[in-house]
Amino acid sequence: MWKWVAFSGLLLISPRIFGVDLDNAKRINATCAFCHGIYGQGTPGTSAPRLAGLSAQYLAKELKLYRSGERVYPAMTVTSQINAMTDNDIDDISQYLAGIDLRNLDLPKIPD
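Residues numbered from 1 in each chain as written. Predicted model: local features only at pLDDT ≥ 70, side-chain atom pairs only at ≥ 80, totals over all residues. Heavy atoms only, no water.

Caption draft 1: A look at the pattern of salt bridges. Under the definition given, this model contains four salt bridges. Glu62 serves as the salt-bridge partner of Lys61, at 2.9 Å between the closest nitrogen and oxygen. Here Glu62 falls in the buried class, since its relative accessible area comes to 11%. Of the charged contacts, one joins Arg103 and Asp101 as a salt bridge, the two residues approaching to 2.7 Å between their closest N and O atoms. (Salt bridge = Lys/Arg side-chain N within 4 Å of Asp/Glu carboxyl O. Buried < 20%, exposed > 50% of the residue type's maximum accessible area, 1.4 Å probe, protein only.)

This is how it looks when you write it as structure tokens:
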């Protein structure tokens, strides 16, 4: 999502002002959706939990642990391409997933 900001009489357009780059987050989420669902709703079982609505800080912390190798789940590391994610990528996808409210979507119930 583009934000319009007036600065010194000029109109500037930037995808990253005051927060998340939604275009980047949606691009990254396309990869996450293979396992966690298009809305981050998760799947039954423990291998692809619900991410939608979790705190952005928690999601970013966990993604950084995967990227550093401190947290290991090979399927997650390979599928997500986490090793190539920048801090901005992690912030974008974390804020995006944290902002998804599943209550108004007509999705099957998946345990929290």
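That was the structure; now back to the text.
Caption draft 2: Structural detail: the nonpolar core. In terms of nonpolar packing, the biggest core is built from 18 residues, with Leu63, Ile82, Ile90, Ile93, Tyr96 and Leu97 touching the most fellow members. Elements that contribute at least two residues to this core include exactly helix H1 (22-36), helix H2 (56-68) and helix H4 (87-98). Excluding anything up to four places from it in sequence, Ile82 contacts Leu63, Tyr66, Arg67, Thr77 and Ile90. (Core = buried A, V, L, I, M, F, W, Y, C linked by side-chain atoms within 4.5 Å. Helix = DSSP H or I, 4+ residues; strand = E, 2+ residues; numbered from the N terminus. Contact = heavy atoms within 4.5 Å.)

Caption draft 3: Region of the structure containing a nonpolar patch on the surface. Taken together, the side chains of Ile38, Tyr39 and Leu105 define a hydrophobic patch exposed on the protein surface, amounting to about 250 Å² of accessible area. With respect to the element layout, Ile38 can be found in the loop between H1 and H2. (Patch = residues over 30% accessible without salt bridge, like charges linked within 9 Å, V, L, I, M, F, W, Y side chains within 5 Å. Areas by Shrake-Rupley, 256 points an atom, 1.4 Å probe, with all protein chains shown as cover.)

Caption draft 4: A look at the environment of Leu51. Along the chain, the position of Leu51 falls in the loop between H1 and H2. Once the C-alpha coordinates of Leu51 and Gly40 are considered, the two residues, eleven residues apart in sequence, prove to be 5.0 Å apart. Once you skip the residues sitting within four places of it in the chain, Leu51 turns out to touch His36, Gly40, Leu59 and Leu97.

Caption draft 5: Focus on H1. Taking 1.5 Å of rise per residue, 15 residues should cover 21 Å, yet H1 covers just 18 Å from first to last C-alpha, more than 12% shy of that figure. Roughly 40 degrees is the biggest bend found in H1, and it falls at Ala30. Turning to H1, its buried residues number three or more, namely Asn24, Ala25, Ile28, Asn29, Cys32, Ala33 and His36. Buried positions along H1 lie against H4. After H1 finishes, the residue Gly37 shows a positive phi value of roughly 90 degrees. (Expected span 1.5 Å × (residues − 1). Bend = angle between axes of the 7 residues up to and from the residue.)

Caption draft 6: Main features of the side chain of Ser80. Examined against the element boundaries, Ser80 turns out to sit in helix H3 (residues 74-80). Within the structure, Ser80 has its side chain in polar contact with the backbone oxygen of Met76 (distance 2.6 Å). For Ser80, the contacting residues outside a window of four places in its chain are Thr31 and Met85. (Polar contact = N/O pair within 3.5 Å; in protein donor to acceptor, adjacent residues only side chain to side chain.)

Caption draft 7: Fine view of the packing of H2 against H4. Closest axis-to-axis distance for the H2/H4 pair is 8 Å, and the angle between their directions is 140 degrees. When the axes of H2 and H4 are compared, the pair comes out oblique. You can see that H2 and H4 cross each other, and the crossing is right-handed. Here Ala56, Leu59, Ala60, Leu63, Lys64 and Arg67 of H2 lie close against H4, whose contacting residues are Asp87, Ile90, Asp91, Ile93, Ser94, Gln95, Leu97 and Ala98. For the contact of H2 with H4, the per-class residue count stands at eight nonpolar, two polar and four charged. (Axes fitted to C-alpha atoms, helices over the stretch in contact; angles between N-to-C directions. Parallel < 35°, antiparallel > 145°, perpendicular 65-115°, else oblique. Left-handed = near helix turned anticlockwise from the far one by under 90°. Nonpolar A, V, L, I, M, F, W, Y, C, P; charged D, E, K, R; others polar.)

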